[in-house]
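# Structural characterization, general
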Amino acid sequence: MKVDLPDVYNAATTFVDENIAQGRGGKTAIYYDDQKITYQEVFEKVNRTGNALRDLGIEIENRVLLILPDSPEFAYSFFGAIKIGAVGVPTNPWMFAKDYGYLINDSRARAIVVHESVLPEIEKIWNNTPFLKRVIVVGAARGKGLSYAEVIANASEKLDAEKTTKDDVCFWGYTSGSTGSPKGAVHLQHDMITITDLFVKPVLGMSGHDLCFSASKMFFSYGLGNSLYFPFRFGASTVLWPEKPDPEKILQVVEKYRPTFFFSVPTLYARFLRVQKKYDLHSLRICLSSGEPLPPALFHQWKDSTGLELLDVVGSTEAA
């Protein structure tokens, strides 16, 4: 099996524009805190973000680091960069200045979109990142930082996708650095649709009726698919939750939003078992596990407790 794509192809048209073309503009794409964000709003904010980046001098193939918690701004910035032919680089928002200095310089990022909570670490490396030209801050900006809200407010909500090819660079994912310094794994414009159409649809059976929630964050390759491009491919909805993983808080989110798809790692599934009987998990129909080996005993314990099998998927940052 393969996915047939035209030579000229930009992934943002599949994961953002197509939802509007299919009449899903009024449907909720993202649940975030008490917000319900429609696909139409996503489309407009992606376009505004792409235009803002372009207005700030970001060009095709320039890297744009996203140092953000799971949030709507992450989605807008990721697809906004892709739509203008730039390269989004999801990055852990819970690291330190030396880590960011390495990633910014290694990727030669021309811009970063950073949450205000991370700004103190970025300020420590202002003068040691020669390739970095723009710092865009989600929240309160200061120093060299530009306000994300202000720059997109002044940008157009109309944007034609850059005429990239299906084999052009789309985004990078940095490895964890377990075998030395983190390495940027390069993913192409055709990679996301290949995964969704050859795995998510035929194997998992995801559809527009589903609601996804991932305990693994979007700066991980695993979480990026779970929370963003899997549901966006099929007009499904996603719950974005910015906090650090905590078993009871995660299950409270499940109980509140009632997702049908849930994604996590074996370590957390083991911790869920200690407390899950306190929560209503009956909305779940698919549970995926990845990131670590899944012990057979945990597989059986979860099935005995919830009636659901853990689907053990094996992937990597390099292979998405």
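Residues numbered from 1 in each chain as written. Predicted model: local features only at pLDDT ≥ 70, side-chain atom pairs only at ≥ 80, totals over all residues. Heavy atoms only, no water.

### Here we look at the side chain of Asn-19
Considering the arrangement of structural elements, one finds Asn-19 in helix H1 (residues 11-21). Within polar-contact distance, the side chain of Asn-19 engages the backbone oxygen of Phe-15 at 3.2 Å. Reaching out from Asn-19, the side chain makes a polar contact with the side chain of Arg-24 at a distance of 2.6 Å. With sequence-adjacent residues up to four places away left out, Asn-19 is seen in contact with Arg-24, Gly-25, Tyr-39, Phe-232 and Gly-235. (Helix = DSSP H or I, 4+ residues; strand = E, 2+ residues; numbered from the N terminus. Polar contact = N/O pair within 3.5 Å; in protein donor to acceptor, adjacent residues only side chain to side chain. Contact = heavy atoms within 4.5 Å.)

### Regarding the layout of surface pockets
Roughly 680 Å³ of internal volume is contained in the largest pocket. If you trace the largest pocket, you find 29 residues lining it, with Ser-221, Tyr-222, Ser-290, Gly-291 and Gly-315 closest to the centre. Contributing elements (two or more residues each) for the lining of the largest pocket: helix H7 (191-204), helix H8 (221-234) and helix H10 (266-272). If you tally residues by element for the lining of the largest pocket, the top one is H8, at five residues. Here the lining of the largest pocket is built from residues that sort into 17 nonpolar, nine polar and three charged. If you trace the second largest pocket, you find 20 residues lining it, with Tyr-174, Thr-175, Ser-176, Gly-177 and Pro-182 closest to the centre. Listing elements by their share of the lining of the second largest pocket, those giving two or more residues are strand S4 (87-91) and helix H4 (97-107). Residues that form the lining of the second largest pocket fall into these classes: eight nonpolar, eight polar and four charged. (1 Å grid on protein atoms, 1.4 Å probe; cavity = no way out; pocket = protein on both sides within 12 Å on 5 of 7 lines; lining within 4 Å. Points joined across faces, edges and corners; volume = space filled by probe spheres on them. Nonpolar A, V, L, I, M, F, W, Y, C, P; charged D, E, K, R; others polar.)

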